[in-house]
Amino acid sequence: MRRVVLLTAGVLLAVTACSSGQQAAQSRQGQAGFVSGNGNVSVFAAADRKAAPELTGKTLDDKTWTLSDHRGQVVVLNVWGSWCPPCRKEAPDLVAAAKELGASVQFVGLNTRDLDPAPAKKFVQEFDVQYPNLYDPNGKALLRFRGQISPAAIPTTLVIDKTGKVAARVVGEVTKQTLLGMVKDAG
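Residues numbered from 1 in each chain as written. Predicted model: local features only at pLDDT ≥ 70, side-chain atom pairs only at ≥ 80, totals over all residues. Heavy atoms only, no water.

Draft legend 1. Summary view of the pattern of salt bridges. Tallied over the full model, the rule gives 6 salt bridges. A salt bridge links K89 to E173, with the nearest nitrogen and oxygen atoms 3.8 Å apart. A residue pair is termed long-range when its members are at least 10 positions apart, and K89 in helix 2 (residues 85-101) and E173 in the loop between strand 10 (166-171) and helix 5 (176-186) qualify at 84 residues. The class for E173 is partly exposed, based on a relative accessible area of 30%. A salt bridge links D128 to K99; its shortest N-O distance comes to 3.8 Å. With D128 in the loop between helix 3 (117-126) and strand 8 (133-136) and K99 in helix 2, this pair connects stretches of sequence that are 29 residues apart. Assessed through its relative accessible area of 56%, K99 is described here as exposed. (Salt bridge = Lys/Arg side-chain N within 4 Å of Asp/Glu carboxyl O. Helix = DSSP H or I, 4+ residues; strand = E, 2+ residues; numbered from the N terminus. Buried < 20%, exposed > 50% of the residue type's maximum accessible area, 1.4 Å probe, protein only.)

Draft legend 2. Spatial organisation of the packing of aromatic side chains. Evaluation of the coordinates by the stated rule reveals 3 aromatic pairs. The interplanar angle of 20° and the centroid separation of 4.3 Å between the aromatic rings of W80 and F123 together place this pair among those described as stacked. Of the two residues, W80 is situated in strand 6 (residues 74-80) and F123 in helix 3; the sequence distance between them amounts to 43 residues. Here the two residues W80 and F123 agree in accessibility, since each one is buried. Seen from their ring centres, F123 and F127 are 4.8 Å apart, and the 55° between their planes marks the pair as tilted. The residues F123 and F127 share a single accessibility class, namely buried. Feature note: the residues W80, F123 and F127 constitute an aromatic cluster, connected by ring pairs. (Phe/Tyr/Trp six-rings, centres within 6.5 Å; stacked < 30°, edge-to-face > 60°.)

Have a look at this one:
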């Protein structure tokens, strides 16, 4: 009986930790815990938008990428980790949206907490991610978004308008349809 109660409690804890947004401590290397949001969308009126911070860094293929180089273009920034189950679930939708929108929108990933780039590179290969992905193992780039992205809220997706301001945000998994709507509203 005790074994059944412990097993049931363990299963309930595992299910609610990822699905309800409560903090889930994982033992995988490079991940100290995360909060998976519920996919709520926040859309900001043009007058209420705040500037995205300057973001620059090295991509997983060792190229330099800078947000300000894309001023005049809508940018979709997705914060993810290879260890994050919701990130894996949303990856096909992000890839499909990027393909559908083409060169009119710049997609960029911000990989965080993968202390070794190998799992992140494998994730990009597995999901056929064609857009650049910044490698941010220690979260320094992510911390520049303080007040706009919680460092524990992974995945998070921002849509940055053509003037460099945050037009919309999803904390949690994003779907292709939601993303397409957010980009349309930001343009």
